[in-house]
Amino acid sequence: MGYSVLFQSASVYRNGKLETSDLFVDGEKISAIDTNLSPNNNTVTISLKGKKIYPGFINSHDHLLASFLPKVGGTEKHQSWLSYDNLYKSSGVFAERQQVDPEILYYLGAYKNLFAGVTTVFDHIPHHVQNPFRGILPVKLISDYTLAHSIGNYSLGWGEGPALEYRMAEHAGLPFVTHLAEGVDDDSKQSLRLLEKMDALGGHSVLVHCLPFGQKEVEKILEKGASVVWCPTSNLHIFGKTTNIKLFLDMGVNVCLGTDYSPSGSIHLLEELKTAKSIYFGLYGDELPESTLLKMVTENPRKAFRLGNPNALMPGLSADLLIINDDKKDSEIHVSELSWKHIDLVVIDGYPIYGSEEYKSLFVHFGLETEEFSIDGKTKLVAGSPKKLLKQVSDSVGYKKSLAFLPNF
């Protein structure tokens, strides 16, 4: 059965700015965005005056199977991803994580993203690992892609090799995703040249990290039309540095933002946005524009992962919406200042999945079972049961486990 919802008088993000409009959702799709829209007979009407509607955020790099804490390392700085991975795999945290069922870990990662306003995640993992969890999580997984783990001597055997994977991406119109230069050693520095030699560098390439690259490498990436995913929190934790992101942005490379995995990355995407803003100012003494940050988690990943029109808020497109109540002016974008309490409602494919108590009638209208919990004294509703999930984790490890990327249930 299809449902329709009319969101009235919101400040809607379109064409790079916020403007007051109504937004009509019919079933899974946005059907209209305009002023003074009229509801149908069975339409639920909700006033969003003073609130903002953004496209649902996209986390461009995560490993949901590694959704566990505490973080590992951070004191010793590494030359390559493999050195850090060896540390992680030998840690007590990893041993404890191994006691938790993979499905539970996937759900933990999904809720981690959902509570941060994320509606879509790129989970970098071979298809056969991810397949059982597609379509069952409270957020969307980008499922159409080809991949390699990385490029160089330490690469794991994901996929059929970069050359063939890239050709398959070209043929099917998909992104080809790989870690690239995840380190500062010689192997990392040579990885772009090797990728190009394999004929796997082009407009379908989505390159994660790119730490040691300078002018020459950035020019090549731009020339080939590849996209880059920046994960500053993880970079700093493992390597003590991040890529020269200003160079990428100034030259016009399509840059996305990702959290990377929990052992080294940010708690969630909202924290990553704050870190990106802070790191940029610390490195360059300039403010990273809020509009640029917003594009890194909306328009840019839609381009990189070939998800359709970069402007996600258009009639005919999936109703993946993020409603924000941030107490700022209607026309002001402040995504680096967002926290859990500002996430007012998350809608995925037209369905309310997570939001404030004031939307309870909307959840009831859709026939969704919800769980209540409190954030900063405000009652929130979420489809599913993250409380039960956390109890399953605690039962698995033998003590009451808390995870900073989930509210304190």
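Residues numbered from 1 in each chain as written. Predicted model: local features only at pLDDT ≥ 70, side-chain atom pairs only at ≥ 80, totals over all residues. Heavy atoms only, no water.

By the naming in an unreviewed UniProt entry, the protein goes by Amidohydrolase family protein and is assigned to Leptospira soteropolitanensis.

### Comments concerning helix 3 (residues 102–114)
Quick note on the threshold: Strands are runs of DSSP state E lasting at least 2 residues, helices are runs of H or I lasting at least 4, and numbering of each runs from the N terminus. Take the residue count of a helix, subtract one, and multiply by 1.5 Å to get its expected span. Using a 1.4 Å probe on the protein chains alone, a residue whose accessible area is under 20% of its type maximum counts as buried, one over 50% counts as exposed, and one in between counts as partly exposed.
Along its 13 residues, helix 3 runs 18 Å from first to last C-alpha, staying within 8% of the 18 Å computed at 1.5 Å per residue. Of all 13 residues that make up helix 3, eleven are buried, and the element is covered over most of its length. Listed in full, the buried residues belonging to helix 3 are Ile104, Leu105, Tyr106, Tyr107, Leu108, Gly109, Ala110, Tyr111, Lys112, Asn113 and Leu114.

### Concerning the pattern of salt bridges
Note the following rule: Salt bridges are defined as contacts in which a side-chain nitrogen from Lys or Arg sits within 4 Å of a carboxyl oxygen from Asp or Glu.
In this structure the tally under the stated criterion is 17 salt bridges. The residue Glu358 makes a salt bridge to Lys51 at a minimum N-O spacing of 3.0 Å. With a gap of 307 residues between them, Glu358 in the loop between strand 16 (351–356) and helix 14 (360–365) and Lys51 in the loop between strand 4 (43–47) and strand 5 (52–55) connect regions that are remote in the sequence. For Lys51, a relative accessible area of 9% gives the class buried. A salt bridge links Lys112 to Asp62; its shortest N-O distance comes to 2.9 Å. Of this pair, Lys112 sits in helix 3 while Asp62 sits in strand 6 (residues 57–62), and the two are 50 residues apart along the sequence. Residue class for Lys112 comes out buried when judged on its relative accessible area of 1%. Here the salt bridges do not stand alone but share partners, grouping Lys51, Asp344 and Glu358 into one network.

### Here's the deal with the sheet that holds strand 11 (residues 205–209)
In plain terms, the rule: Strand pairing is defined by DSSP finding a minimum of two bridges between the two strands.
Here we have five strands laid out as an open sheet, ordered 9-10-11-12-13, and parallel in their pairing. Strand pairing shows two members of the sheet lacking a second neighbour, strand 9 (146–147) and strand 13 (254–257), which therefore form its edges. When strand 9 meets strand 10 (residues 176–180), the two strands line up parallel, connected through two bridges. Considered in strand 10, the bridge of Leu147 is made with Val177.

### Details of the nonpolar core
Applicable threshold: What is meant by a nonpolar core is a set of buried Ala, Val, Leu, Ile, Met, Phe, Trp, Tyr and Cys residues, joined one to another through side-chain atoms within 4.5 Å.
If you look at the biggest cluster of nonpolar residues, it comprises 107 residues, and the most contacted ones within it are Tyr54, Phe57, Ile221 and Phe248. By size, the runner-up hydrophobic cluster in this structure holds 24 residues, among which are Leu23, Val44, Ala319 and Phe363.

### Some words on the environment of Pro126
Note the cut-off: Between two residues, a contact is recorded if the distance between any of their heavy atoms is within 4.5 Å.
Mapping Pro126 onto the fold places it in the loop between strand 7 (118–123) and helix 4 (127–130). The class for Pro126 is buried, based on a relative accessible area of 11%. Separated by 33 residues in sequence, Pro126 and Gly159 place their C-alpha atoms 6.9 Å apart. Discounting chain neighbours no more than four positions away, the residues touching Pro126 are Tyr145, Leu147 and Trp158.

### Brief notes about the packing of helix 3 against helix 15 (residues 386–397)
As a reminder, the rule being used: Under this scheme, a helix contributes an axis fitted over its contacting stretch, all axes are lines through C-alpha atoms, and angles between N-to-C directions fall in the 0 to 180 degree range. For this classification, under 35 degrees means roughly parallel, over 145 means roughly antiparallel, 65 to 115 means roughly perpendicular, and everything else is oblique. If you view the pair so one helix is near and one far, a crossing is left-handed when the near helix is turned anticlockwise from the far one by less than a right angle, and right-handed when it is turned clockwise. By the convention adopted, Pro, Cys, Tyr, Trp, Phe, Met, Ile, Leu, Val and Ala count as nonpolar, Lys, Arg, Asp and Glu as charged, and the other residues, Gly among them, as polar.
Close contact between helix 3 and helix 15 brings their axes to 10 Å; oriented N to C, the two are set at 135 degrees. The orientation of helix 3 with respect to helix 15, classified from their angle, is oblique. Handedness of the crossing formed by helix 3 with helix 15: left-handed. The segment helix 3 lies against helix 15, with Ile104, Tyr107, Leu108 and Tyr111 engaging Pro386, Leu389, Gln392 and Val393. Considering only residue class, the contact of helix 3 with helix 15 consists of seven nonpolar, one polar and no charged.

### Considerations on unusual backbone geometry
Geometrically, the link from Leu69 to Pro70 is a cis peptide bond, its omega value of 10 degrees lying close to zero. You can see Pro70 is positioned in the loop between strand 6 and helix 1 (81–89). The backbone phi angle of Asn36 is positive, close to 55 degrees, even though this residue is not glycine. Tracing the backbone through its elements, the reader meets Asn36 in the loop between strand 3 (29–34) and strand 4. In the Ramachandran plot, Asp376 falls in the positive-phi region, its phi being about 50 degrees despite a non-glycine side chain. Within the secondary structure, Asp376 sits in the loop between strand 17 (370–375) and strand 18 (378–383).

### Side note on the sheet that holds strand 7
Ordered by their spatial adjacency, three strands build an open sheet running 6-7-8, and the pairing between neighbours is parallel. For this open sheet the edge positions go to strand 6 and strand 8 (140–141), each flanked by a neighbour on one side alone. For strand 7 and strand 8, the ladder comprises two bridges, and the chain directions are parallel. Paired with Thr120 across the bridge in strand 8 is Lys140. Running over the sheet, helix 3 touches strand 6, strand 7 and strand 8 and is turned about 135 degrees from strand 7.

### Looking at the pairing of strand 6
For strand 6, a buried count of six out of six residues is recorded, marking the element as mostly surrounded by other parts of the structure. The pairing of strand 6 with strand 7 spans four bridges and is classified as parallel. From the neighbouring strand, Asn59 faces strand 7, where its bridge partner is Val121.

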